[in-house]
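Observations on the three-dimensional arrangement
Each chain is listed here by its residues.
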Amino acid sequence: MPTQVLHSNSTVKNVLQIMNAEPSSAPNNNSQQHLMNDEMAGGRSSITGRQKITVVILCFVNLINYMDRYTIAGILVDIQLQFKIGDDKGGLLQTAFVISYMICAPVFGYLGDRYNRKFIMAFGVFLWSLTTFVGSYMNEYYLFLFFRSLVGVGEASYSTIAPTIISDMFVKDVRSKMLALFYFAIPVGSGLGYIVGSETARILGSWHWGLRVTPLLGMLAVLLILFVMEEPERGQSEGYSHLTTTSWSEDIQLLCRNRSFMLSTAGFTCVAFVTGSLAWWGPQIMWSGLKMQKGYEDVTINSVSLNFGIIAMAAGLIGVPLGSYMAQRLKVHYPKADPLICAGGLLISAPLLFLGLALANKYNYLVLVLIFFGQVSLNLNWSIVADILLYVVSPTRRSTAEAFQILFSHAFGDAGSPYLIGVISEILKKLFAKGTIPVLLASMTLASNNLQTSSGDKQDSINNFHSLQYALFITSFVEVLGAMFFFFTASYIVKDKELAETETPGWPSYTPIVN
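Analysis parameters
- Residues numbered from 1 in each chain as written.
- Predicted model: local features only at pLDDT ≥ 70, side-chain atom pairs only at ≥ 80, totals over all residues.
- Heavy atoms only, no water.
- Helix = DSSP H or I, 4+ residues; strand = E, 2+ residues; numbered from the N terminus.
- Buried < 20%, exposed > 50% of the residue type's maximum accessible area, 1.4 Å probe, protein only.
- Areas by Shrake-Rupley, 256 points an atom, 1.4 Å probe, with all protein chains shown as cover.
- Salt bridge = Lys/Arg side-chain N within 4 Å of Asp/Glu carboxyl O.
- Expected span 1.5 Å × (residues − 1).
- Core = buried A, V, L, I, M, F, W, Y, C linked by side-chain atoms within 4.5 Å.
- Contact = heavy atoms within 4.5 Å.
- Axes fitted to C-alpha atoms, helices over the stretch in contact; angles between N-to-C directions.
- Parallel < 35°, antiparallel > 145°, perpendicular 65-115°, else oblique.
- Left-handed = near helix turned anticlockwise from the far one by under 90°.
- Nonpolar A, V, L, I, M, F, W, Y, C, P; charged D, E, K, R; others polar.
- Phe/Tyr/Trp six-rings, centres within 6.5 Å; stacked < 30°, edge-to-face > 60°.
- Lys NZ or Arg CZ within 6 Å of the ring centre and 35° of its normal.
- Arc of directions from axis to C-beta.

1. A word on the overall build of the chain
Along the backbone of the chain there are 22 helices and 2 strands. Residues classed as buried in the chain amount to 58% of the 515 residues present. Accessible surface computed for the chain: about 21,300 Å², of which carbon and sulfur atoms make up 66%.

Encoded structure:
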């Protein structure tokens, strides 16, 4: 392993003042170094103006990042009509994007731990802005699919690196608050994506225009990243400087042996599966169910997408900061609080979302309330999972850890979930059409829907609704599975945090102080 050299004269002076001691010729040991870091972290209360601006820029880019990702969900029905595709190919649009996103994440994670992060992020934002804009002019399905997949390449560069910059500027509660602000932009951006996509398409008369808003904002973000944003030195907030990295293979081996990281990543994968499924199919299932209710027969998908976007934004406004606040308060007395809050949020969300889906064709306002509180509970996870990663992983492999988590959570989470839900929905449609409905599904069907006596378009609408509804029921069971992973994380979180605090990438050596 390569050695690590710490150039920290100012740090030593601070500690000498605290300890009221003279410098010793003996090198500091590892526990002394982390005592120094703790003193520094506890005493650092001021945040510079440049740091504030950097966080605002990162949050802005994260906001438009998720706006772009879910704009299509707000206009999905229009796209399906344009290309004459079913639910399976509709879900493939998101799956293709996420596959390229997760494949490229490890590449950018490796680069982010070793090279200038500002340039890498600027390149990524420029690429996804360009491909989104060009893709909006495609009128053939597979060309449109190709450009959506390229968007994932650009977004991978940003998502793996941005949290590590926040980590290198702040520590402890300040870091948690800044991460909460950063991840607060995810549900809010997702909600804005539905609103911007549906409303722009409605006002300008074409779904293509819904995809041309975020690229303009993306170009502004590129300029802000290059010329305004600050890039801190890796490990700066913990008191380290000039850290030496280990090899990529060694990073991966150490991450795989980190049980808190692996288990929390598995739990977050379940969160990604549920979020991806509901974000993609939520507006459509609500629209299909609402049309079956008396007085709503002529409701449009654009109005439903607008309402769904508002709910998603409101749930994010409450859920993300609430999760961060609970974690900061509770883990002072309960060190295992972070994963337990995540587990509790998923267990609360599961029945709420299940009931919201089950009643989607019966009680409009009750469904809105259930989905809102279900998403609030789900959103408790975002900033907490990010914070767990940052405090159980050493500074020199955090971008790699972010990339690994993105790869794993998307590969088994939202990369396949929209497509999987779409495929199951299409299979169930055929079963309904043939009358070969499984006994369990038939028993769940409300008699008032007259599944067997309806005919024509009404029959097709009912079949389409129930096929998508039953497919989405899977998400509640996945939430319970995710809660189990977070419960297991709680068993190892304290030990792994302590290990990360004492770990250095190589046997530590320090530059001697010359008087």
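2. Observations concerning the pattern of salt bridges
Under the criterion given, the structure shown has 7 salt bridges. The partner of Asp68 in a salt bridge is Arg148, and the shortest N-O contact between them spans 3.9 Å. Placement of Asp68 in helix H3 (residues 49–74) and of Arg148 in helix H7 (residues 141–159) is noted, with a sequence separation of 80 residues between them. For the pair Asp68 and Arg148, one class covers both residues: buried. For Glu199, the salt bridge identified is with Arg202, shortest N-O distance 2.8 Å. Here Glu199 and its partner Arg202 are both found in helix H9 (residues 172–204), 3 residues apart, which amounts to about one turn of the helix. When its relative accessible area of 17% is taken as the criterion, Glu199 is described as buried. One salt-bridge network, in which partners are shared between bridges, spans Arg117, Asp168 and Glu231.

3. What to know about helix H16 (residues 381–392)
For H16, which comprises 12 residues, the first-to-last C-alpha distance of 16 Å matches the rise-based estimate of 16 Å (1.5 Å per residue) to within 8%. Burial within H16 is extensive, with 12 of its 12 residues counted as buried. Within H16, the full set of buried residues consists of Asn381, Trp382, Ser383, Ile384, Val385, Ala386, Asp387, Ile388, Leu389, Leu390, Tyr391 and Val392.

4. Some words on the nonpolar core
Leu58, Met121 and Phe144 are the most contacted members of the largest nonpolar core, which has 126 residues in total. A total of 14 residues in this core trace back to one element, the largest contributor, which is helix H12 (residues 259–291). In this structure, Phe144 is in contact with Ile72, Ile79, Phe83, Leu93, Gly135, Met138, Trp207 and Leu211, ignoring residues within four places of it in sequence.

5. Things to note about the environment of Leu254
Tracing the backbone through its elements, the reader meets Leu254 in helix H11 (residues 248–256). In this structure Leu254 comes out as partly exposed when scored by relative accessible area, which is 21%.

6. Describing the packing of H3 against helix H6 (residues 117–135)
Following both chains from N to C, one finds H3 and H6 inclined at 30°, their axes separated by 12 Å at the closest point. In this view, H3 runs roughly parallel relative to H6, as classed from their interaxial angle. Considering the relative orientation of H3 and H6, their crossing is left-handed. Across the interface between the two elements, Leu58, Val61, Ile64, Asn65 and Asp68 from H3 touch Met121, Val125, Trp128 and Thr132 from H6. Considering only residue class, the contact of H3 with H6 consists of 6 nonpolar, 2 polar and 1 charged.

7. A word on the packing of aromatic side chains
Throughout the structure, instances matching the rule amount to 14 aromatic pairs. A cation over an aromatic ring shows up here: Arg212 above the ring of Tyr137, its NZ or CZ 3.9 Å from the ring centre. Just above the ring of Tyr391 sits the side chain of Lys497; from NZ or CZ to the centre is 5.6 Å.

8. A closer look at helix H22 (residues 493–502)
Looking at H22, one finds that the buried residues are Ile493, Asp496 and Ala500. Seen along its axis, H22 keeps its buried residues to an arc of 70°; they face one direction. Along its buried surface, H22 packs onto H12, helix H14 (337–358), H16 and helix H21 (474–490).

9. With respect to the packing of H12 against H16
A pair of packed helices is captured by two measures, namely the crossing angle of their axes and the spacing between those axes. Packing of H12 against H16 brings their axes to within 10 Å, and their N-to-C directions diverge by 155°. As far as their axial angle goes, H16 and H12 are roughly antiparallel. As for how H12 packs across H16, the hand of that crossing is left-handed. Counting all contacts with H12, which are made through Ser260, Phe261, Ser264, Phe268, Val271 and Thr275, the residues of H16 involved are Asn381, Trp382, Val385, Ile388, Leu389 and Val392. Here the contact of H12 with H16 is composed, by residue class, of 8 nonpolar, 4 polar and no charged.

10. Observations regarding the side chain of Thr131
Considering the arrangement of structural elements, one finds Thr131 in helix H6. A relative accessible area of 6% places Thr131 in the buried class. The contacts of Thr131, once residues within four sequence positions are left out, are Phe147, Leu150 and Val151.

11. Describing the side chain of Thr489
Relative to the helices and strands, Thr489 resides in helix H21. Judged by its relative accessible area of 0%, Thr489 is buried. With residues near it in sequence (within four places) discarded, Thr489 still touches Ser260, Leu263, Ser264 and Pro339.

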